[in-house]
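For reference, the chains in residue letters:
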Amino acid sequence: MKKILLLGSGELGKEFVISAKRLGCHVVACDSYAGAPAMQVADESCVFSMLDEAALRAAIHQHQPDLIVPEIEAIRTEVLLEVEQEGFEVIPSARAANLTMNRDRIRDVAVGLGVRTAKFSYAESAQDLLTQAQAIGFPVVIKPVMSSSGKGQSVARSASEIQASWDYACQGMRGDRQKVIVEEFIHFEFEITLLTIRQRNGKTLFCDPIGHVQERGDYQYSWQPQAMKLDYLKAAQEMAEKVTSDLGGAGLFGVEFFVTRDEVIFSELSPRPHDTGMVTLISQNLSEFDLHARAVLGLPIPLIESTEGASAVVLATQDGTNPSYSGVADAMSEPGIDVRIFGKPSTRPYRRMAVALAKGSNALARARAAAQKIRVISA
Ligand SMILES: Nc1ncnc2c1ncn2[C@@H]1O[C@H](COP(=O)(O)OP(=O)(O)OP(=O)(O)O)[C@@H](O)[C@H]1O
Ligand SMILES: [Mg+2]
């Protein structure tokens, strides 16, 4: 039986734990607060900040896992590089976790591999940001190099908005570097996540592309398959294969692309299951979590089958604890609808608390209608 140390215990971790438990693994779920979703289904749990170097190292040495599986970006990845040298296995690799923790590192890797990205530059002050934005041309997108879920991200349409974008980025920044990436705004037709699976033995596999819509930098709903031209799909697959093979290791990656009328543009990548990929809980024979578990355990993936599916998030509206949910029965009364409630112990505005899933024709409209029926009631 493999022992897994899961770093980060949110809703994606919870589904991964369920997949790994079904394959007989022993899972220790870690996060900075008790009662996190993945802890509710794991064998053991451990509470500490993944950014605390000493605590992270201590947890690894105490539990002696066969596999260290990161679920979040905000991890003191230097420790992962170090323990990998000691012989611990990090999924997919300590290098992948380290390079994707910051947007600039993975972006530089992609560029080095000749992968098409939006025009971009970096800035370390408001003045610098203005200079770079003017060189790229407005509108531009500004993101802290260390942040996720859209935190600190904004669009500046003219020079007069630069100071506000800089201040907003500084507020949303994680870690110790005051650095932002400033990007050309891409007027895409749609954006996709291409779930890409690197196997221990066997070729790289791809799921059907997942389309999604984001608000405030967080995904609101996703669907599979997103129809796209075959040569664009091939181009995305080639880029995904290039970047993931450079990162190495085994596991599932969420590779994000913008698709315009003329081309496919690489955006970013997660070396782990992706939130927009929750649709695969209903659309595929093996969900992205099952696929990640099989890949990291070195089990075969002979076939990925999918049908039309969609997911839509249920968000909290206010601060509170011990939430309850109304409208769940109503949402689930339609055939082909399922709901996942993450079991988060507290709420805050826009916190993702549950997801509605639909399969079959018109899945997207049905998933969104189901999500809208569910209300989070905070005590
Ligand atoms: N250059 C761009 N042009 C147009 N839209 C963009 C650009 N960069 C980001 N966006 C929009 O903002 C969303 C979030 O950006 P990105 O994925 O880079 O940030 P994130 O904080 O890592 O998000 P997440 O953690 O949710 O994946 C994108 O999915 C896209 O909708
Ligand atoms: Mg993203």
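All values reported here derive from a predicted model rather than from experimental measurement. (Residues numbered from 1 in each chain as written. Chains lettered and ligands numbered in written order. Predicted model: local features only at pLDDT ≥ 70, side-chain atom pairs only at ≥ 80, totals over all residues. Heavy atoms only, no water.)

Asks: What is the right way to read the side chain of histidine 292 from this model?
Replies: Along the polypeptide, histidine 292 turns up in helix 10 (residues 288–297). Given a relative accessible area of 1%, histidine 292 falls into the buried group. Leaving out residues up to four positions away in the same chain, histidine 292 has contacts with Phe16, Val69, Ile91, Gly251, Leu252, Pro271, Arg272 and Pro273. (Helix = DSSP H or I, 4+ residues; strand = E, 2+ residues; numbered from the N terminus. Buried < 20%, exposed > 50% of the residue type's maximum accessible area, 1.4 Å probe, protein only. Contact = heavy atoms within 4.5 Å.)

Asks: How should I be thinking about the site of ligand 1 in this particular structure?
Replies: Neighbouring ligand 1 are 18 residues; Lys143, Gly150, Glu183, Glu191 and Glu268 lie closest to it. Separating a nitrogen atom of ligand 1 from a backbone N or O atom of isoleucine 186 is a distance of 2.8 Å. Expressed as a share of its isolated accessible area of 610 Å², the protein-covered part of ligand 1 is 92%. Only strand 7 (140–144), strand 9 (180–184) and strand 14 (251–259) provide two or more residues apiece to the shell around ligand 1. Split by residue class, the shell around ligand 1 holds five nonpolar, six polar and seven charged. Mapped onto the domain boundaries, the shell around ligand 1 takes at least three residues apiece from domain 2 (119–184) and domain 3 (190–377). (Near = heavy atom within 4 Å. Polar contact = N/O pair within 3.5 Å; in protein donor to acceptor, adjacent residues only side chain to side chain. Areas by Shrake-Rupley, 256 points an atom, 1.4 Å probe, with all protein chains shown as cover. Nonpolar A, V, L, I, M, F, W, Y, C, P; charged D, E, K, R; others polar. Domains from an automatic or database assignment.)

Asks: Can you walk me through the coordination of the magnesium ion (ligand 2) in this structure?
Replies: Note on metal geometry: ideal angles are 109.5 degrees for four donors arranged tetrahedrally and 90 or 180 degrees for six donors arranged octahedrally. Coordination of the magnesium ion (ligand 2) by the protein involves Glu256 (OE), Glu256 (OE) and Glu268 (OE), with metal-donor separations of 2.0 to 2.4 Å. Note that glutamate 256 is positioned in strand 14 and glutamate 268 in strand 15 (residues 264–270), a separation of 12 residues in sequence. (Donors = N, O, S within 2.8 Å, 3.2 Å for Na, K, Ca; no water.)

Asks: How should the sheet that holds strand 9 be read in this particular structure?
Replies: Taking strand neighbours across the sheet as the criterion, the four strands line up as 6-9-7-8 in an open arrangement whose pairing is antiparallel. Edge positions in the open sheet fall to strand 6 (120–123) and strand 8 (154–156), since each of these has one partner strand only. Each adjacent strand pair in this sheet contributes to an overall mean axis angle of 30°, direction not counted. With four bridges joining them, strand 6 and strand 9 adopt antiparallel strand pairing. Pairing of alanine 123 across the sheet is with valine 180, part of strand 9. Each of strand 6, strand 7 and strand 9 is contacted by helix 5 (residues 103–112), which is oriented at about 145° to strand 6, the strand it contacts most. (Pairing = 2+ DSSP bridges. Axes fitted to C-alpha atoms, helices over the stretch in contact; angles between N-to-C directions.)

Asks: Even after reading the chapter, I still don't get the sheet that holds strand 3 (residues 44–47), so can you show me in this structure?
Replies: The pairing of strands in a sheet comes from backbone hydrogen bonds and takes either a parallel or an antiparallel form. The strand order across the open sheet formed by five strands is 3-2-1-4-5, and the pairing between neighbours is parallel. Bordering the open sheet on either side are strand 3 and strand 5 (89–90), each of which pairs with just one other strand. As paired strands, strand 1 (residues 3–7) and strand 2 (residues 26–31) are joined by five bridges and run parallel to one another. Bridging from a neighbouring strand, leucine 6 pairs with alanine 29 of strand 2. Sheet strands in contact with helix 2 (residues 53–63) are strand 1, strand 2, strand 3 and strand 4 (67–70), and its direction is about 165° off that of strand 1.

Asks: Mind showing me how you'd approach the side chain of glutamine 226 here?
Replies: With respect to the secondary-structure elements, glutamine 226 resides in the loop between strand 13 (218–224) and helix 8 (230–247). Taking the relative accessible area as the measure of exposure, glutamine 226 reaches 12% and is therefore buried. Residues in contact with glutamine 226, not counting those within four places in the same chain, are Phe190, Ile192, Pro209, Ile210 and Gly211.

Asks: What's the story with the pattern of salt bridges in this structure? I'm lost.
Replies: Where charged atoms from two side chains of opposite charge come close, those side chains can pair. Throughout the structure, instances matching the rule amount to 16 salt bridges. Its salt-bridge partner being glutamate 268, residue arginine 103 comes within 3.4 Å of it at the nearest N-O pair. You can see arginine 103 sitting in helix 5 and its partner glutamate 268 sitting in strand 15, a full 165 residues away along the chain. Its salt-bridge partner being lysine 143, residue glutamate 183 comes within 3.2 Å of it at the nearest N-O pair. A residue pair is termed long-range when its members are at least 10 positions apart, and glutamate 183 in strand 9 and lysine 143 in strand 7 qualify at 40 residues. The residues glutamate 183 and lysine 143 share a single accessibility class, namely buried. Three or more residues joined by partner-sharing salt bridges are found here, namely Glu11, Asp275, Lys344 and Arg352. (Salt bridge = Lys/Arg side-chain N within 4 Å of Asp/Glu carboxyl O.)

Purely geometric numbers; function is a separate question.
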